[in-house]
Amino acid sequence: MAAVWRRAGRPWSGMRQSGDTWGWLVPLHDRPAALPPSRRERDLMRTPVQSLTSLTPWRHWLLLICMCTLLGARPASAVQTVAASYESEPGVRIAATLELPAATPGKRWPAVVLAVGAGKWGRGWYVALRSRLHAAGVATLSYDKRGFGESTGAFDESLPLVSRDIAAGVNFLRSRADIDGQRIALLGHSQGAAGLPLAAATVGGIAGIVMLQAPIGARGEVFGDGMQKSLTQSGMPADTARPIVAATLAWLEARTQRLPATEIDRLREAAITAFVAAGMPPEGARGTVQSLDNTMVLSMYDAPLAQDLIRSGSPVLAVYGGTDTVVSAEVCAPMATRALNQHPNALVLVVPGMNHGMQRLDPVPAPKAGELLEDTMPPRMVEAVAHWLSERLR
């Protein structure tokens with residue numbers, strides 16, 4: 001049976017998986033449970049944070065899928081596709097595709113803004129999830145990243161700009177007569193998910209936030225814990241890794257606080273020295289530190305993701321993959337649980353056996369820029385995420 005990692009003060013105890021089973025939506029229990037949840041389980045799900053994995057028999061998933069299908073599903077051919085563009089900031093226009101469940105005059109649809117992960121990506125992701133949301137009567141907005149595809153401006157993945165483009169999508173939806181501006185949710189994967197908290201806090205009134213495989217923590221904590229885990233996973237002893245992490249964080253803090261150049265240079269050299277002391281060749285150490293000196297990394301270090309989520313006041317669903325080697329569930333799931341402990345409506349889940357590409361497969365080669373991975377988001381995950389969103393967009 002899979003292990004619950006936060007339950008009545010119990011510390012993180014890792015995850016276990018039995019065969020090819022899945023765990024979802026079983027609040028704070030070490031036992032299988034049926035879906036839909038009982039009244040007692042629904043009450044438990046209203047507690048501030050639930051972090052869980054457990055086993056659910058296939059027949060319960062079949063029941064859930066049938067119930068969701070009966071709740072107003074409509075044929076895919078009814079979907080109306082609208083080409084759109086909107087300004088994010090002067091000189092930057094975002095090219096997007098709005099998909100409406102049907103061309104119904106006078107109807108105001110709920111909608112989800114979809115953000116993708118790091119890299120030069122455009123529209124076309126989340127195929128199965130989009131189809132499922134359309135069937136449930138939810139519109140979706142997909143867009144090309146700034147500086148890529150048909151969007152203008154310079155390509156830039158710093159989180160404030162990622163968040164700005166997401167917020168621009170929300171404002172665009174709220175300007176339309178066929179969208180209900182009070183029923184808009186956000187969903188993103190990896191770096192795209194990391195841009196959601198600030199966007200939600202900026203525009204306000206977001207009905208739900210789904211963060212797929214993105215860290216959630218206090219400013220600096222996300223980067224530091226992730227770096228420590230990455231170094232130890234590479235075979236470095238934890239005691240050797242800690243001075244490297246501390247020196248790197250001190251340098252990043254100086255960079256983000258824009259301290260005098262002489263102090264930044266001193267701390268950069270200290271970080272390089274820490275790597276060399278751990279056995280890395282000087283040129284390799286210098287190259288490693290240099291690779292961290294870019295706007296995307298600095299913005300990830302500086303982002304108060306948990307604080308922005310709490311400030312937004314929106315319900316949060318955070319999902320992690322049990323075999324994700326990029327955003328480790330072992331590190332990020334308990335971190336998110338701690339960070340969202342005071343959030344009134346947050347759920348943190350782990351999908352055993354799922355990698356960072358949202359696949360239950362062995363790691364596959366990364367696609368080239370602009371190419372789409374095969375849409376292999378697990379069907380049960382599609383149903384669970386779509387159900388969670390539909391409930392909050394009623």
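The written sequence of each chain sets the order in which its residues are numbered from 1. Only residues with pLDDT of 70 or above have their local features reported here, since the model is predicted, and side-chain atom pairs are shown and tallied only from 80 upward, although totals for entire chains, interfaces and linings are computed over all residues. Each side-chain value is worked out from all heavy atoms of the structure, with water and hydrogens disregarded.

(A) Spotlight on the side chain of T256. Numbered from the N terminus, helices here are DSSP runs of H or I no shorter than four residues, and strands are runs of E no shorter than two. Relative to the assigned elements, T256 resides in helix α8 (residues 238-256). Within 3.5 Å is the distance limit for a polar contact, defined as a pair of N or O atoms, with the added protein rule that one can donate a hydrogen and the other accept it, and that residues adjacent in sequence qualify only through two side-chain atoms. For T256, the side chain forms a polar contact with the side chain of R219, separated by 3.2 Å. In this structure the side chain of T256 is engaged in a polar contact, spanning 3.1 Å, whose partner is the backbone oxygen of E253. Throughout, a residue-residue contact means that at least one pair of heavy atoms, one from each residue, lies within 4.5 Å. Beyond its immediate chain neighbours, meaning those up to four positions away, T256 contacts R219, L298, Y301 and D302.

(B) Here's a closer look at the environment of N355. On the secondary structure map, N355 appears in the loop between β9 (346-351) and α14 (379-392). Take N355: its relative accessible area is 7%, and that puts it in the buried class. Separated by 27 residues in sequence, N355 and S328 have C-alpha atoms that sit 9.5 Å apart. Each residue is placed in one exposure class: buried if its accessible area under a 1.4 Å probe, protein chains only, is under 20% of its type's maximum, exposed if it is over 50%, and partly exposed if it falls in between.

(C) View of helix α9 (residues 261-277). The terminal C-alpha atoms of α9 lie 24 Å apart, and with 17 residues this matches the ideal 24 Å at 1.5 Å per residue to within 8%. Every buried residue belonging to α9 is among I264, L267, R268, A271, I272, A274 and F275, and all of these are buried. Buried residues of α9 fall within an arc of 155° about the axis and therefore sit on the same side. Counted as exposed and oriented over 90 degrees from the buried face of α9: T262 and A277. For α9, the elements touching its buried residues are α7 (221-233), α8 and α10 (282-291). At the exit of α9 stands G279, carrying a positive phi of roughly 110°. Multiplying one less than the number of residues by 1.5 Å gives the expected span of a helix. By definition, the arc is the one covered by directions from the helix axis to the C-beta atoms.

(D) Highlighting unusual backbone geometry. Even without glycine at this site, S190 takes up a positive phi of about 55°. Along the chain, S190 turns up in the loop between β6 (179-189) and α5 (191-194). Here the phi dihedral of Q213 falls at roughly 55°; this positive angle occurs in a residue that is not glycine. Within the fold, Q213 resides in the loop between β7 (208-212) and α7.

(E) Local environment of the side chain of Q228. For Q228, the position within the fold is in helix α7. For Q228, a relative accessible area of 18% translates into the label buried. There is a polar contact of 3.4 Å between the side chain of Q228 and the backbone oxygen of A238.

(F) Structural view of the confidence of the model for the chain. Scored from 0 to 100, pLDDT reflects the predictor's confidence in each residue. On average, residues of the chain score 79 in pLDDT, and 76% of them reach the 70 mark or higher. Contacts for the low-pLDDT stretch residues 1-76, under 50 throughout, to residues beyond four places or in other chains number 160 contacts. Every residue in residues 369-374 is under pLDDT 50, and counting partners more than four places away or in other chains gives 14 contacts.

(G) Just the packing of α8 against α9, in detail. At a minimum axis separation of 8 Å, α8 and α9 run at an interaxial angle of 160°. On the basis of the axis angle, α8 is roughly antiparallel to α9. Relative to α9, the crossing made by α8 is left-handed. Residues P243, I244, A247, T248, A250, W251, A254 and R255 of α8 lie in contact with α9, whose contacting residues are I264, L267, R268, A270, A271, A274 and F275. Just so you know the grouping, Ala, Val, Leu, Ile, Met, Phe, Trp, Tyr, Cys and Pro go in nonpolar, Asp, Glu, Lys and Arg go in charged, and all remaining residues, Gly too, go in polar. Class assignment for the residues of the contact of α8 with α9 results in twelve nonpolar, one polar and two charged. Orientation is described by lines fitted to C-alpha atoms, with helices fitted over the stretch in contact, and by angles between N-to-C directions that extend from 0 to 180 degrees. Each angle is binned into one of four classes, with values under 35 degrees roughly parallel, values over 145 roughly antiparallel, values of 65 to 115 roughly perpendicular, and all other values oblique. Put simply, a crossing is left-handed when the front helix is turned counterclockwise from the back one by less than a right angle, and right-handed when it is turned clockwise.

(H) Region of interest: the packing of α8 against helix α11 (residues 295-302). Look at α8 against α11: their axes get within 10 Å of each other, and the N-to-C directions meet at 100°. With respect to each other, α8 and α11 are oriented roughly perpendicular. Two secondary-structure elements touch here, α8 through L249, L252, E253, R255 and T256 and α11 through L298, Y301 and D302. Partitioned by chemical class, the residues of the contact of α8 with α11 number four nonpolar, one polar and three charged.

(I) Broad picture of the pattern of salt bridges. Salt bridges are identified by distance alone: a Lys or Arg side-chain nitrogen within 4 Å of an Asp or Glu carboxyl oxygen. Per the stated rule, a full pass over the model turns up 23 salt bridges. D144 is the partner of R123 in a salt bridge, and the nearest nitrogen-oxygen pair spans 2.9 Å. Of this pair, R123 sits in the loop between β4 (109-115) and α3 (127-135) while D144 sits in the loop between β5 (139-143) and α4 (159-174), and the two are 21 residues apart along the sequence. Under the relative-accessibility criterion, R123 is labelled partly exposed at 25%. Judged by relative accessible area, which is 5%, D144 ranks as buried.

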